[in-house]
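Residue-level structure breakdown
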Amino acid sequence: MKKPEDEKKGDFSVHLRYFRFRKERPRLKRKEESPIGNPGNETKRKFLAMEEIFHRLGYPYSNVLLDRIEEIEGGESLRATKMVSANEFFLAGHFPNEPIMPGVLTLEGMIQSALVLIHESFARGILKVFLRRVDRVRFKRAILPGDRLEFSVKVTAKEERIWKFHGRAQVGEETAAEADLHIQLDFRGVGFEI
Amino acid sequence: MENREIQKILPHRYPFLLIDRILSLEPGKKAQGMKNLTEGEWFLHGHCHYPPSLILESLAQVGGIILGSKAREESPGTGFIGLFAGVSNFTWLRYPRRGEAVTLKMELSKSLAALYRFNGEVWVDREKIAGGEILLSFIKTPPPNPSA
């Protein structure tokens with residue numbers, strides 16, 4: 001027959017086991033970084049805002065083609081990257097059983113990085129953008145799933161209303177595509193350069 | 001030429017088949033294609049303009065029809081590979097809108113070995129919207145060997 005003291009002992013051991021269990025669990029510190037490192041919180045924020053950027057500029061985007069923005073120099077140049085994956089929806093039709101990234105969408109990526117650069121250069125004001133002209137576009141290399149595309153865009157000339165860009169898409173160190181873009185800016189409010 | 005026959009020449013399928021019908025065709029010389037813009041398309045979800053880069057693609061597909069139909073006429077059963085090689089001097093006056101039928105005119109102007117240079121124009125009704133030069137590379141491959 002159990003005595004009431006034994007029951008108390010038993011209860012106590014249960015509590016002990018519980019505490020031991022709590023002690024063995026590793027505790028997460030609040031400010032500790034993950035071993036992989038923080039993969040660019042800022043760029044992630046910009047990626048989420050990308051659709052809003054195109055909406056602000058009045059550009060009919062098809063789908064956002066930039067994964068990460070590496071470097072911006074306001075009013076001068078921008079570097080962005082895109083990872084090409086086999087699961088992308090347009091690769092289902094271009095072409096069936098033979099996925100090749102459409103050259104036209106590489107051009108679209110260069111256009112989009114130019115637009116992000118424009119957005120960063122004019123922080124305020126109502127701004128409309130129109131792709132006036134495309135020149136000297138050359139597609140030099142097929143881009144296949146698994147490649148890492150790097151877009152770099154540079155301003156070559158600023159005329160009264162038209163900014164001229166030279167865009168380049170690279171895979172590793174090979175140039176995959178090049179283009180000259182002329183983008184017309186229409187100010188419908190107070191806009192100024194930073 | 002209806003869409004069924006277009007799909008026999010071009011390898012493009014659903015999200016990237018960007019012409020609906022061929023109105024007139026002279027194989028190896030010029031063609032007129034048509035594209036209808038409607039809300040249901042993936043690039044027009046919630047927007048009203050046809051993105052400028054996709055206009056280039058639908059012009060290039062008309063060019064592919066011009067070259068592909070000629071290759072099929074000369075020797076049926078040949079395979080071919082057409083790729084987009086470049087664009088030069090292409091200008092837009094405005095973007096086509098949802099609910100419009102876009103007419104795409106392409107005419108061969110020069111051929112250098114495997115490179116073909118086209119003059120492309122985009123019309124809506126009687127208004128010219130965009131125009132410029134488009135370069136395609138086109139390589140014929142021999143018909144598949146039955147013994148292999």
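For the structure, check the block above.
On a plain count of helices and strands, chain B comes out with two helices and six strands. In sequence order, the secondary structure elements of chain B are arranged as α-β-β-α-β-β-β-β. Computed over its C-alpha atoms, the radius of gyration of chain B comes to 16 Å, within 12% of the 15 Å expected for a compact globule of 148 residues. With the C-alpha coordinates aligned to their principal axes, the bounding extent of chain B is approximately 55 × 30 × 25 Å. With 148 residues in all, chain B has 48% of them scored as buried. Residue pairs at least 24 apart in sequence account for 62% of intrachain contacts in chain B once pairs closer than 6 positions are excluded. For chain B, the accessible area works out to roughly 7100 Å², and carbon and sulfur atoms hold 52% of it. Seen as two clouds, the 18 positive and the 15 negative side-chain charges of chain B have centres 3 Å apart.

Moving on to helix 3 (residues 103-121) of chain A. In this model, helix 3 of chain A (19 residues) spans 28 Å end to end at C-alpha, consistent with the 27 Å of a helix rising 1.5 Å per residue. Where burial is concerned, most of helix 3 of chain A is hidden: 17 out of the 19 residues are buried.

Tallying the contact residues gives 30 residues for chain B and 26 residues for chain A. Between chain B and chain A, the buried area comes to about 2500 Å², and carbon and sulfur atoms account for 67% of it. In terms of surface lost to chain A, no three residues of chain B exceed Phe 16, Trp 92 and Tyr 95 of chain B, which account for 20% of the buried area on that side. Breaking the side of chain B that touches chain A down by element, the ones donating at least two residues are helix 2 (52-74) and strand 3 (79-92) of chain B. Here the side of chain B that touches chain A takes nine residues from strand 3 of chain B, the largest share from any one element.

Now for the pairing of strand 3 of chain B. Where strand 3 (residues 127-139) of chain A meets strand 3 of chain B, four bridges bridge the pair, whose relative direction is antiparallel. Paired with Arg 133 of chain A across the two strands is Thr 91 of chain B, which belongs to strand 3 of chain B. Where strand 3 of chain B lies against strand 6 (residues 127-141) of chain B, eleven bridges are found, and the strand directions are antiparallel. Along strand 6 of chain B, the bridge assignment pairs Phe 80 of chain B with Lys 140 of chain B.

All names here are of chain A. Structurally, the position occupied by Arg 141 is in the loop between strand 3 and strand 4 (148-158). With relative accessibility at 27%, the residue Arg 141 sits in the partly exposed group. In the structure, Arg 141 is positioned 23 residues away from Ile 118 in sequence and 28 Å away in space, judged by C-alpha atoms. Contact partners of Arg 141, with chain neighbours within four places excluded, come to Asp 147, Val 171, Glu 174, Thr 175 and Ala 176. A distance of 3.3 Å separates the side chain of Arg 141 from the side chain of Asp 147, its partner in a polar contact.

Scoring rules and cut-offs
Residues numbered from 1 in each chain as written. Chains lettered and ligands numbered in written order. Predicted model: local features only at pLDDT ≥ 70, side-chain atom pairs only at ≥ 80, totals over all residues. Heavy atoms only, no water. Helix = DSSP H or I, 4+ residues; strand = E, 2+ residues; numbered from the N terminus. Rg over C-alpha atoms; globule rule 2.2 N^0.38 Å. Buried < 20%, exposed > 50% of the residue type's maximum accessible area, 1.4 Å probe, protein only. Contact = heavy atoms within 4.5 Å. Areas by Shrake-Rupley, 256 points an atom, 1.4 Å probe, with all protein chains shown as cover. Lys, Arg positive; Asp, Glu negative; His and termini not counted. Charge placed at Lys NZ, Arg CZ, Asp CG, Glu CD. Expected span 1.5 Å × (residues − 1). Buried area = accessible area lost by both parts, 1.4 Å probe. Pairing = 2+ DSSP bridges. Polar contact = N/O pair within 3.5 Å; in protein donor to acceptor, adjacent residues only side chain to side chain.

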